[in-house]
Amino acid sequence: MEMSDLPEIDLDSPDFHHGVERADASTAHLREGLGMARSQRGIELFTYDLSSALIKDQGYNIGMHRRLASMGMAPGPAFDMICNIMVNIEGDEHARMRKACMTFFTLRGAEKLRSDVRAWVDKWVQEGLDGEEFDFQAAIGRQLPSVVFCKLIGEPLEMAPIYAQLAEDIMKHAQPPQPGFAEIIEKAAIEAELRMRQVIKDRRARPGDDLVSHMLIAEKAGEVDEDDIFHLVVTVLIGSTDTTDAQLCLNLAALSDNPSQWQVLRQNPELVPTAVMELIRFKPGVWTLSRSPLQDTVYRGINLTPDDAIWPLVFSANRDPLAFADPSRLDVTRAAGKTPLNFGTGIHMCLGRMITLLEQQEVLSSLLTHWSEFEVTDSEFQGAMYSTVATRMTTRFVPDSRLLSR
Ligand code: HEM
(Lines give C-alpha, C1' and ligand atoms only; values in the text may rest on other atoms or scores of the structure.)
Protein backbone atom coordinates (compact mmCIF):
# COMPACT_ATOMS: atom_id res chain seq x y z
CA MET A 1 0.00 0.00 0.00
CA GLU A 2 1.14 3.58 -0.70
CA MET A 3 0.65 6.58 1.54
CA SER A 4 -1.50 8.02 -1.28
CA ASP A 5 -3.98 5.14 -0.85
CA LEU A 6 -5.00 6.54 2.55
CA PRO A 7 -7.95 8.92 2.93
CA GLU A 8 -6.77 12.50 3.36
CA ILE A 9 -7.55 15.06 6.08
CA ASP A 10 -6.61 18.73 6.07
CA LEU A 11 -5.32 19.91 9.46
CA ASP A 12 -6.10 23.51 8.47
CA SER A 13 -9.82 22.68 8.25
CA PRO A 14 -11.97 24.51 10.85
CA ASP A 15 -13.09 21.02 11.96
CA PHE A 16 -9.78 20.71 13.81
CA HIS A 17 -9.75 24.11 15.46
CA HIS A 18 -12.95 24.15 17.52
CA GLY A 19 -12.45 21.55 20.19
CA VAL A 20 -12.19 17.79 20.27
CA GLU A 21 -15.96 17.25 19.93
CA ARG A 22 -16.01 18.73 16.44
CA ALA A 23 -12.70 17.10 15.47
CA ASP A 24 -14.05 13.73 16.53
CA ALA A 25 -17.43 14.21 14.84
CA SER A 26 -15.74 15.05 11.55
CA THR A 27 -13.37 12.06 11.67
CA ALA A 28 -15.36 9.35 13.50
CA HIS A 29 -15.93 7.53 10.17
CA LEU A 30 -12.13 7.16 9.82
CA ARG A 31 -12.09 4.70 12.73
CA GLU A 32 -13.81 2.29 10.34
CA GLY A 33 -11.75 0.34 7.79
CA LEU A 34 -8.04 1.14 7.95
CA GLY A 35 -8.36 3.44 10.97
CA MET A 36 -5.72 5.67 9.39
CA ALA A 37 -5.56 8.80 7.21
CA ARG A 38 -2.83 10.99 5.77
CA SER A 39 -2.38 14.67 6.52
CA GLN A 40 0.18 17.43 5.92
CA ARG A 41 2.34 16.03 8.74
CA GLY A 42 2.14 12.26 8.11
CA ILE A 43 -0.13 9.38 9.08
CA GLU A 44 -2.95 9.96 11.59
CA LEU A 45 -4.27 7.02 13.65
CA PHE A 46 -7.90 7.04 14.76
CA THR A 47 -8.55 3.85 16.74
CA TYR A 48 -7.62 3.07 20.32
CA ASP A 49 -5.98 -0.23 19.39
CA LEU A 50 -3.81 1.17 16.58
CA SER A 51 -2.64 4.09 18.72
CA SER A 52 -1.97 2.02 21.79
CA ALA A 53 0.00 -0.59 19.81
CA LEU A 54 2.14 2.03 18.08
CA ILE A 55 2.91 3.95 21.29
CA LYS A 56 4.15 0.68 22.84
CA ASP A 57 6.21 -0.31 19.78
CA GLN A 58 9.89 0.07 20.67
CA GLY A 59 10.84 0.28 17.00
CA TYR A 60 9.61 3.90 17.13
CA ASN A 61 10.31 7.02 19.18
CA ILE A 62 8.95 10.55 19.38
CA GLY A 63 11.16 11.68 16.49
CA MET A 64 12.23 14.83 18.28
CA HIS A 65 15.17 15.54 15.93
CA ARG A 66 12.76 15.66 13.01
CA ARG A 67 10.26 17.81 14.94
CA LEU A 68 12.86 20.39 16.02
CA ALA A 69 14.43 20.51 12.56
CA SER A 70 10.98 21.13 11.07
CA MET A 71 10.75 24.18 13.35
CA GLY A 72 14.01 25.54 12.00
CA MET A 73 16.12 24.53 15.01
CA ALA A 74 19.69 23.44 14.29
CA PRO A 75 21.81 21.10 16.46
CA GLY A 76 23.30 23.03 19.38
CA PRO A 77 22.89 23.19 23.18
CA ALA A 78 19.10 23.73 23.18
CA PHE A 79 18.47 21.16 20.46
CA ASP A 80 20.62 18.60 22.27
CA MET A 81 18.98 19.28 25.61
CA ILE A 82 15.47 18.67 24.28
CA CYS A 83 16.53 15.58 22.34
CA ASN A 84 18.01 14.12 25.53
CA ILE A 85 15.14 14.65 27.94
CA MET A 86 13.81 11.41 29.36
CA VAL A 87 10.87 11.02 27.04
CA ASN A 88 13.17 11.26 24.01
CA ILE A 89 15.77 8.66 24.96
CA GLU A 90 15.51 4.91 24.55
CA GLY A 91 17.12 1.63 25.52
CA ASP A 92 19.33 1.02 28.55
CA GLU A 93 19.87 4.72 29.25
CA HIS A 94 16.13 5.32 29.54
CA ALA A 95 15.55 2.13 31.59
CA ARG A 96 18.28 3.16 34.04
CA MET A 97 16.80 6.62 34.57
CA ARG A 98 13.26 5.33 34.88
CA LYS A 99 14.28 2.72 37.46
CA ALA A 100 16.15 5.30 39.54
CA CYS A 101 13.24 7.75 39.79
CA MET A 102 10.30 5.31 39.77
CA THR A 103 9.87 5.08 43.54
CA PHE A 104 9.54 8.85 43.78
CA PHE A 105 6.55 8.80 41.41
CA THR A 106 4.47 6.06 43.06
CA LEU A 107 0.97 6.69 44.37
CA ARG A 108 2.46 6.85 47.85
CA GLY A 109 5.01 9.40 46.70
CA ALA A 110 2.32 11.52 45.07
CA GLU A 111 0.08 11.35 48.13
CA LYS A 112 2.75 13.17 50.15
CA LEU A 113 1.81 16.26 48.14
CA ARG A 114 -1.93 16.08 48.76
CA SER A 115 -2.22 18.13 51.94
CA ASP A 116 -0.11 20.97 50.50
CA VAL A 117 -2.02 20.95 47.21
CA ARG A 118 -5.32 21.01 49.10
CA ALA A 119 -4.22 23.96 51.26
CA TRP A 120 -2.96 26.00 48.29
CA VAL A 121 -6.03 25.37 46.16
CA ASP A 122 -8.51 26.07 48.97
CA LYS A 123 -6.74 29.33 49.71
CA TRP A 124 -6.83 30.49 46.08
CA VAL A 125 -10.47 29.46 45.62
CA GLN A 126 -11.47 31.19 48.87
CA GLU A 127 -9.63 34.37 47.84
CA GLY A 128 -11.74 34.37 44.68
CA LEU A 129 -15.04 34.14 46.57
CA ASP A 130 -15.11 37.92 47.04
CA GLY A 131 -15.75 38.58 43.35
CA GLU A 132 -18.45 37.21 41.05
CA GLU A 133 -16.00 36.20 38.38
CA PHE A 134 -12.96 34.05 38.90
CA ASP A 135 -9.89 34.10 36.66
CA PHE A 136 -9.44 30.36 36.97
CA GLN A 137 -6.47 30.16 34.66
CA ALA A 138 -4.41 32.82 36.43
CA ALA A 139 -5.40 31.81 39.96
CA ILE A 140 -5.11 28.04 39.60
CA GLY A 141 -4.41 26.66 36.12
CA ARG A 142 -1.11 28.39 35.65
CA GLN A 143 -0.14 28.69 39.29
CA LEU A 144 -0.73 25.24 40.77
CA PRO A 145 1.46 23.06 38.48
CA SER A 146 4.45 25.40 38.75
CA VAL A 147 4.12 25.66 42.54
CA VAL A 148 3.98 21.84 42.65
CA PHE A 149 7.10 21.75 40.44
CA CYS A 150 8.94 23.97 42.95
CA LYS A 151 7.88 21.66 45.76
CA LEU A 152 9.01 18.61 43.76
CA ILE A 153 12.53 19.94 43.25
CA GLY A 154 12.84 21.63 46.66
CA GLU A 155 12.81 25.21 45.37
CA PRO A 156 11.15 28.22 47.07
CA LEU A 157 7.53 28.48 45.88
CA GLU A 158 8.12 32.10 44.80
CA MET A 159 10.14 30.77 41.87
CA ALA A 160 6.96 29.31 40.34
CA PRO A 161 6.22 32.11 37.80
CA ILE A 162 9.78 31.90 36.42
CA TYR A 163 9.52 28.15 35.91
CA ALA A 164 6.00 28.46 34.45
CA GLN A 165 7.33 30.85 31.80
CA LEU A 166 10.36 28.71 30.97
CA ALA A 167 8.17 25.63 30.62
CA GLU A 168 5.69 27.45 28.41
CA ASP A 169 8.47 28.68 26.13
CA ILE A 170 10.19 25.31 25.78
CA MET A 171 6.88 23.51 25.27
CA LYS A 172 6.39 25.47 22.07
CA HIS A 173 8.14 22.50 20.46
CA ALA A 174 4.90 20.55 21.06
CA GLN A 175 2.80 23.19 19.30
CA PRO A 176 1.96 23.65 15.63
CA PRO A 177 5.22 25.14 14.23
CA GLN A 178 5.22 28.95 13.92
CA PRO A 179 7.86 31.50 12.86
CA GLY A 180 9.83 32.75 15.85
CA PHE A 181 9.25 29.63 17.98
CA ALA A 182 12.79 28.30 17.41
CA GLU A 183 14.37 31.41 18.98
CA ILE A 184 11.99 31.36 21.97
CA ILE A 185 12.65 27.66 22.59
CA GLU A 186 16.42 28.06 22.30
CA LYS A 187 16.59 31.00 24.70
CA ALA A 188 14.40 29.28 27.30
CA ALA A 189 16.26 25.96 27.02
CA ILE A 190 19.57 27.65 27.72
CA GLU A 191 18.16 29.49 30.75
CA ALA A 192 16.52 26.28 32.00
CA GLU A 193 19.86 24.49 31.82
CA LEU A 194 21.59 27.18 33.91
CA ARG A 195 18.84 27.21 36.51
CA MET A 196 18.44 23.42 36.80
CA ARG A 197 22.19 22.83 37.06
CA GLN A 198 22.19 25.35 39.93
CA VAL A 199 19.26 23.57 41.60
CA ILE A 200 21.22 20.29 41.48
CA LYS A 201 24.23 22.04 42.98
CA ASP A 202 22.07 23.50 45.77
CA ARG A 203 20.45 20.16 46.63
CA ARG A 204 23.87 18.52 46.61
CA ALA A 205 24.94 21.01 49.31
CA ARG A 206 21.65 20.83 51.25
CA PRO A 207 19.64 17.68 50.48
CA GLY A 208 15.94 17.51 51.32
CA ASP A 209 12.85 15.38 50.70
CA ASP A 210 12.60 16.18 46.99
CA LEU A 211 13.11 14.60 43.58
CA VAL A 212 16.60 16.02 43.04
CA SER A 213 17.82 14.81 46.44
CA HIS A 214 16.22 11.41 45.70
CA MET A 215 18.17 11.24 42.44
CA LEU A 216 21.41 12.33 44.12
CA ILE A 217 21.14 9.23 46.31
CA ALA A 218 20.82 7.14 43.12
CA GLU A 219 23.87 8.99 41.76
CA LYS A 220 25.88 8.00 44.84
CA ALA A 221 24.84 4.39 44.23
CA GLY A 222 26.23 4.70 40.68
CA GLU A 223 22.79 4.29 39.07
CA VAL A 224 22.66 7.67 37.31
CA ASP A 225 24.94 10.66 36.66
CA GLU A 226 24.37 14.39 36.91
CA ASP A 227 23.31 14.70 33.27
CA ASP A 228 20.59 12.09 33.88
CA ILE A 229 19.31 14.07 36.86
CA PHE A 230 19.34 17.28 34.83
CA HIS A 231 17.43 15.66 31.95
CA LEU A 232 14.85 14.20 34.33
CA VAL A 233 14.26 17.54 36.03
CA VAL A 234 13.84 19.29 32.69
CA THR A 235 11.40 16.57 31.59
CA VAL A 236 9.35 17.23 34.71
CA LEU A 237 9.54 21.01 34.26
CA ILE A 238 8.19 20.97 30.74
CA GLY A 239 6.01 17.86 31.06
CA SER A 240 4.16 18.80 34.22
CA THR A 241 3.16 22.45 33.93
CA ASP A 242 1.39 23.45 30.68
CA THR A 243 -0.13 19.98 30.39
CA THR A 244 -1.73 20.16 33.84
CA ASP A 245 -2.77 23.81 33.36
CA ALA A 246 -4.56 22.98 30.10
CA GLN A 247 -6.23 19.90 31.55
CA LEU A 248 -7.48 21.77 34.60
CA CYS A 249 -9.08 24.37 32.31
CA LEU A 250 -10.52 21.73 29.96
CA ASN A 251 -12.04 19.84 32.90
CA LEU A 252 -13.87 22.98 33.90
CA ALA A 253 -14.98 23.67 30.32
CA ALA A 254 -16.44 20.15 30.11
CA LEU A 255 -18.37 20.57 33.37
CA SER A 256 -19.61 24.02 32.35
CA ASP A 257 -21.02 22.43 29.17
CA ASN A 258 -22.56 19.59 31.22
CA PRO A 259 -24.04 21.19 34.37
CA SER A 260 -26.03 18.05 35.23
CA GLN A 261 -22.71 16.21 35.70
CA TRP A 262 -21.51 18.98 38.03
CA GLN A 263 -24.65 18.47 40.09
CA VAL A 264 -24.03 14.70 40.20
CA LEU A 265 -20.63 15.48 41.69
CA ARG A 266 -22.06 17.99 44.16
CA GLN A 267 -24.30 15.19 45.47
CA ASN A 268 -21.56 12.55 45.30
CA PRO A 269 -18.15 14.15 45.94
CA GLU A 270 -16.63 10.71 46.49
CA LEU A 271 -16.86 10.32 42.70
CA VAL A 272 -14.16 12.96 42.13
CA PRO A 273 -11.32 10.52 41.25
CA THR A 274 -13.59 8.68 38.78
CA ALA A 275 -14.79 12.00 37.37
CA VAL A 276 -11.24 13.23 36.76
CA MET A 277 -10.43 10.13 34.69
CA GLU A 278 -13.61 10.69 32.71
CA LEU A 279 -12.87 14.39 32.20
CA ILE A 280 -9.40 13.72 30.84
CA ARG A 281 -10.85 11.07 28.51
CA PHE A 282 -13.57 13.39 27.32
CA LYS A 283 -11.47 16.52 26.68
CA PRO A 284 -7.79 15.54 26.55
CA GLY A 285 -5.30 18.41 26.60
CA VAL A 286 -2.83 16.32 24.67
CA TRP A 287 -4.67 15.73 21.39
CA THR A 288 -1.99 13.49 19.98
CA LEU A 289 1.35 11.83 20.61
CA SER A 290 3.86 11.34 17.79
CA ARG A 291 6.08 8.52 16.65
CA SER A 292 8.77 8.03 13.98
CA PRO A 293 10.48 4.74 13.09
CA LEU A 294 14.04 4.34 14.38
CA GLN A 295 15.01 2.90 10.98
CA ASP A 296 13.42 2.32 7.57
CA THR A 297 10.39 0.13 8.12
CA VAL A 298 7.00 -0.90 6.79
CA TYR A 299 4.00 0.23 8.85
CA ARG A 300 0.80 -1.57 7.93
CA GLY A 301 1.99 -1.95 4.36
CA ILE A 302 3.40 1.59 4.00
CA ASN A 303 7.15 2.17 3.59
CA LEU A 304 8.46 4.67 6.14
CA THR A 305 11.82 6.26 6.96
CA PRO A 306 12.89 7.94 10.24
CA ASP A 307 11.86 11.24 8.65
CA ASP A 308 8.22 10.15 8.57
CA ALA A 309 5.79 10.74 11.43
CA ILE A 310 2.76 8.85 12.68
CA TRP A 311 0.29 10.59 15.00
CA PRO A 312 -1.67 8.43 17.48
CA LEU A 313 -4.68 10.70 18.05
CA VAL A 314 -5.49 10.60 21.75
CA PHE A 315 -8.78 12.45 21.33
CA SER A 316 -9.98 9.88 18.79
CA ALA A 317 -8.74 6.84 20.77
CA ASN A 318 -10.51 8.21 23.85
CA ARG A 319 -13.80 8.31 21.91
CA ASP A 320 -13.42 4.95 20.21
CA PRO A 321 -16.67 3.06 20.86
CA LEU A 322 -14.72 -0.22 20.95
CA ALA A 323 -12.84 1.12 23.99
CA PHE A 324 -15.54 3.17 25.75
CA ALA A 325 -19.31 2.67 25.66
CA ASP A 326 -21.31 5.71 24.51
CA PRO A 327 -18.04 7.68 24.21
CA SER A 328 -19.50 11.07 23.26
CA ARG A 329 -21.32 11.31 26.59
CA LEU A 330 -19.59 12.80 29.62
CA ASP A 331 -20.44 10.43 32.46
CA VAL A 332 -18.70 11.22 35.75
CA THR A 333 -19.82 7.85 37.10
CA ARG A 334 -18.15 5.92 34.24
CA ALA A 335 -16.22 3.02 35.71
CA ALA A 336 -15.81 0.61 32.78
CA GLY A 337 -13.61 1.10 29.74
CA LYS A 338 -9.95 1.13 28.83
CA THR A 339 -7.39 3.54 30.26
CA PRO A 340 -7.55 6.88 28.40
CA LEU A 341 -4.40 7.39 26.31
CA ASN A 342 -3.62 10.89 27.68
CA PHE A 343 -0.55 9.62 29.52
CA GLY A 344 0.68 7.35 26.76
CA THR A 345 1.33 3.69 27.51
CA GLY A 346 4.31 1.31 27.58
CA ILE A 347 7.84 2.17 28.66
CA HIS A 348 7.43 5.96 28.45
CA MET A 349 4.02 6.11 30.16
CA CYS A 350 3.81 9.36 32.09
CA LEU A 351 5.59 9.06 35.42
CA GLY A 352 3.79 12.08 36.87
CA ARG A 353 0.25 10.87 36.21
CA MET A 354 -0.50 10.24 39.90
CA ILE A 355 0.66 13.78 40.65
CA THR A 356 -1.38 15.53 37.97
CA LEU A 357 -4.46 13.42 38.77
CA LEU A 358 -4.07 14.40 42.41
CA GLU A 359 -3.85 18.09 41.44
CA GLN A 360 -6.96 17.77 39.28
CA GLN A 361 -8.86 15.94 42.04
CA GLU A 362 -8.01 18.57 44.62
CA VAL A 363 -9.04 21.43 42.34
CA LEU A 364 -12.35 19.78 41.51
CA SER A 365 -13.04 18.94 45.16
CA SER A 366 -12.33 22.48 46.27
CA LEU A 367 -14.57 24.00 43.59
CA LEU A 368 -17.38 21.58 44.47
CA THR A 369 -17.09 22.66 48.10
CA HIS A 370 -17.06 26.38 47.40
CA TRP A 371 -19.31 26.83 44.36
CA SER A 372 -22.87 25.59 44.02
CA GLU A 373 -22.94 26.31 40.29
CA PHE A 374 -20.75 27.99 37.70
CA GLU A 375 -20.29 28.71 34.04
CA VAL A 376 -17.25 29.46 31.93
CA THR A 377 -17.63 33.05 30.72
CA ASP A 378 -14.49 33.32 28.63
CA SER A 379 -11.90 30.83 27.46
CA GLU A 380 -9.26 30.40 24.81
CA PHE A 381 -7.20 27.35 23.96
CA GLN A 382 -4.44 27.00 21.38
CA GLY A 383 -2.53 24.06 19.95
CA ALA A 384 -5.34 22.05 18.38
CA MET A 385 -4.20 18.72 16.89
CA TYR A 386 -1.03 18.94 19.01
CA SER A 387 -0.94 19.77 22.73
CA THR A 388 -3.44 22.24 24.14
CA VAL A 389 -2.25 25.45 25.74
CA ALA A 390 -4.85 27.27 27.83
CA THR A 391 -4.53 31.01 27.31
CA ARG A 392 -7.71 32.20 29.09
CA MET A 393 -10.36 30.74 31.36
CA THR A 394 -12.72 32.89 33.40
CA THR A 395 -15.75 31.61 35.27
CA ARG A 396 -18.82 33.11 36.93
CA PHE A 397 -19.96 31.17 39.96
CA VAL A 398 -22.55 31.10 42.73
CA PRO A 399 -20.87 30.53 46.11
CA ASP A 400 -22.17 27.61 48.12
CA SER A 401 -24.85 29.03 50.44
CA ARG A 402 -23.60 26.86 53.31
CA LEU A 403 -20.35 28.87 53.24
CA LEU A 404 -22.22 32.19 53.37
CA SER A 405 -24.21 31.18 56.43
CA ARG A 406 -21.07 30.29 58.39
C1 HEM B 1 -2.19 16.49 32.35
C2 HEM B 1 -0.91 16.36 32.65
C3 HEM B 1 0.05 15.45 31.94
C4 HEM B 1 -0.07 14.82 30.73
C5 HEM B 1 -1.24 14.86 29.77
C6 HEM B 1 1.16 14.06 30.52
C7 HEM B 1 1.40 13.26 29.41
C8 HEM B 1 2.54 12.52 29.23
C9 HEM B 1 2.77 11.66 28.11
C10 HEM B 1 1.79 11.43 26.99
C11 HEM B 1 3.99 11.09 28.26
C12 HEM B 1 4.64 10.07 27.34
C13 HEM B 1 4.95 10.66 26.01
C14 HEM B 1 5.12 9.67 24.90
O15 HEM B 1 5.17 8.45 25.11
O16 HEM B 1 5.19 10.15 23.76
C17 HEM B 1 4.56 11.62 29.47
C18 HEM B 1 5.81 11.32 29.96
C19 HEM B 1 6.33 11.83 31.12
N20 HEM B 1 5.69 12.64 32.03
FE21 HEM B 1 3.81 13.37 31.87
N22 HEM B 1 1.98 14.26 31.59
C23 HEM B 1 1.34 15.09 32.49
C24 HEM B 1 1.83 15.51 33.71
C25 HEM B 1 3.05 15.14 34.23
C26 HEM B 1 3.51 15.53 35.54
C27 HEM B 1 2.70 16.31 36.57
C28 HEM B 1 4.78 15.04 35.66
C29 HEM B 1 5.74 15.10 36.82
C30 HEM B 1 5.46 15.63 37.98
C31 HEM B 1 5.11 14.33 34.44
C32 HEM B 1 6.29 13.68 34.18
C33 HEM B 1 6.54 12.91 33.07
C34 HEM B 1 7.80 12.23 32.83
C35 HEM B 1 9.02 12.26 33.75
C36 HEM B 1 7.67 11.55 31.62
C37 HEM B 1 8.73 10.72 30.92
C38 HEM B 1 8.53 9.27 31.17
C39 HEM B 1 9.48 8.40 30.38
O40 HEM B 1 9.98 8.84 29.35
O41 HEM B 1 9.71 7.28 30.83
N42 HEM B 1 4.02 14.42 33.59
N43 HEM B 1 3.64 12.48 30.06
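See above for the structure.
Residues numbered from 1 in each chain as written. Predicted model: local features only at pLDDT ≥ 70, side-chain atom pairs only at ≥ 80, totals over all residues. Heavy atoms only, no water.

This part covers the overall build of the protein. Helix and strand counts for the protein come out as 19 helices and 10 strands. Since a compact globule built from 406 residues should have a radius of gyration of about 22 Å, the 21 Å found for the protein is in line with a globular shape. Counting only C-alpha atoms, the protein reaches 70 × 55 × 40 Å along its principal axes. Within the span of the protein, comprising 406 residues, buried residues form 56% of the whole. If you take every contact in the protein between residues at least 6 apart in sequence, the share linking residues at least 24 apart comes to 73%. Within the structure as shown, the protein displays about 17,600 Å² of accessible surface, and the carbon and sulfur contribution to it stands at 52%. In the protein, the 40 positive side-chain charges and the 59 negative ones have mean positions that sit 5 Å from each other. (Helix = DSSP H or I, 4+ residues; strand = E, 2+ residues; numbered from the N terminus. Rg over C-alpha atoms; globule rule 2.2 N^0.38 Å. Buried < 20%, exposed > 50% of the residue type's maximum accessible area, 1.4 Å probe, protein only. Contact = heavy atoms within 4.5 Å. Areas by Shrake-Rupley, 256 points an atom, 1.4 Å probe, with all protein chains shown as cover. Lys, Arg positive; Asp, Glu negative; His and termini not counted. Charge placed at Lys NZ, Arg CZ, Asp CG, Glu CD.)

Mapping K283 onto the fold places it in the loop between α16 (272-282) and β5 (292-293). Only 3.0 Å separates the side chain of K283 from the side chain of E21, close enough to count as a polar contact. Not counting residues up to four positions away in its chain, the partners in contact with K283 are V20, E21, Q247, L250, A253, A254 and D257. (Polar contact = N/O pair within 3.5 Å; in protein donor to acceptor, adjacent residues only side chain to side chain.)

In this section: the packing of helix α9 (residues 143-153) against helix α18 (residues 353-370). Orientation of α9 relative to α18, taken along the N-to-C sense of each, is 130°, at an axis distance of 11 Å. In terms of orientation, α9 lies oblique with respect to α18. For the element pair α9 and α18, the recorded crossing hand is right-handed. Residues L144, P145, V148 and L152 of α9 form the contact with α18, whose own contacting residues are I355, E359 and V363. In the contact of α9 with α18, the residues fall into 6 nonpolar, no polar and 1 charged. (Axes fitted to C-alpha atoms, helices over the stretch in contact; angles between N-to-C directions. Parallel < 35°, antiparallel > 145°, perpendicular 65-115°, else oblique. Left-handed = near helix turned anticlockwise from the far one by under 90°. Nonpolar A, V, L, I, M, F, W, Y, C, P; charged D, E, K, R; others polar.)

All right, on to the coordination of the iron atom of the ligand then. Looking at the iron atom of the ligand, one finds just one donor atom contributed by the protein, C350 (SG), at 2.3 Å. Mapping C350 onto the fold places it in the loop between α17 (314-317) and α18. (Donors = N, O, S within 2.8 Å, 3.2 Å for Na, K, Ca; no water.)

Attention now goes to the side chain of R31. As for its position among the elements, R31 is in the loop between α1 (19-27) and β1 (36-39). The buried category is assigned to R31, whose relative accessible area is 13%. Only 2.9 Å separates the side chain of R31 from the side chain of D24, close enough to count as a polar contact. Among residues more than four places away in sequence, those in contact with R31 are D24, F46, T47, S316, R319, D320 and P321.

Next up on the list: the sheet that holds strand β10 (residues 389-399). Whether parallel or antiparallel, the strands of a sheet pair through hydrogen bonds between backbone atoms. Here we have 3 strands laid out as an open sheet, ordered β4-β10-β9, and antiparallel in their pairing. In this open sheet, the two edge strands, each paired with only one partner strand, are β4 (133-135) and β9 (371-382). The mean angle between the axes of side-by-side strands here comes to 20°, regardless of whether they run parallel or antiparallel. As judged from the 3 bridges shared by β4 and β10, these two strands associate in the antiparallel manner. (Pairing = 2+ DSSP bridges.)

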